[in-house]
Amino acid sequence: MNIMKLSVLQRLPQFYHWYAGEIGSRVEPTLLPELSDMSDNDDNLIGLKLLSYPDHQAWEVMQKISQYLNGIGIENSIIENEGEPCLFINSQDEPIALCRLKNIGIAIADFIPVNPSF
């Protein structure tokens, strides 16, 4: 688990959902939950990408993070997104997942837009 303590994850700026119902194999961006007309947003996903390792090590580290989350009952999938391995979890699991990852020493970087609106 020491390799994970050197990890930095960044939350992707969009929400996602499983592409055409294929759970665990492909994602596509979706509307932000507050902009969506749907009252049930159980299928919204968040994505996390690894910032701290080169490509050849990123997959291995993401596998270890995925195994850890599976071990505490948080379902997740690692999917290539824009050429990088990204970890996708249900948006409802985000608070507990990020808290548990921080507790084992993984840094979480927030996404900050280039032109924030106030």
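Residues numbered from 1 in each chain as written. Predicted model: local features only at pLDDT ≥ 70, side-chain atom pairs only at ≥ 80, totals over all residues. Heavy atoms only, no water.

Enquirer: Teacher, can you tell me more about the side chain of Arg11 here?
Expert: Mapped onto the fold, Arg11 is located in strand S1 (residues 8–18). The class for Arg11 is buried, based on a relative accessible area of 15%. At 2.8 Å, the side chain of Arg11 forms a polar contact with the side chain of Glu94. In this structure Arg11 touches Ile46, Gly47, Leu48, Glu94, Ala109 and Phe111, once residues within four positions along its chain are discounted. (Helix = DSSP H or I, 4+ residues; strand = E, 2+ residues; numbered from the N terminus. Buried < 20%, exposed > 50% of the residue type's maximum accessible area, 1.4 Å probe, protein only. Polar contact = N/O pair within 3.5 Å; in protein donor to acceptor, adjacent residues only side chain to side chain. Contact = heavy atoms within 4.5 Å.)

Enquirer: How should I be thinking about the packing of helix H1 (residues 55–71) against helix H2 (residues 94–103) in this particular structure?
Expert: Helix-helix packing is characterised by the crossing angle of the two axes and by the distance between the axes. Where H1 contacts H2, the two axes come as close as 11 Å, and the packing angle between them is 115°. Note on packing geometry: the crossing formed by H1 with H2 is right-handed. Facing H1, whose interface residues are Ile65, Tyr68 and Leu69, H2 presents Ala97, Arg100 and Leu101. (Axes fitted to C-alpha atoms, helices over the stretch in contact; angles between N-to-C directions. Left-handed = near helix turned anticlockwise from the far one by under 90°.)

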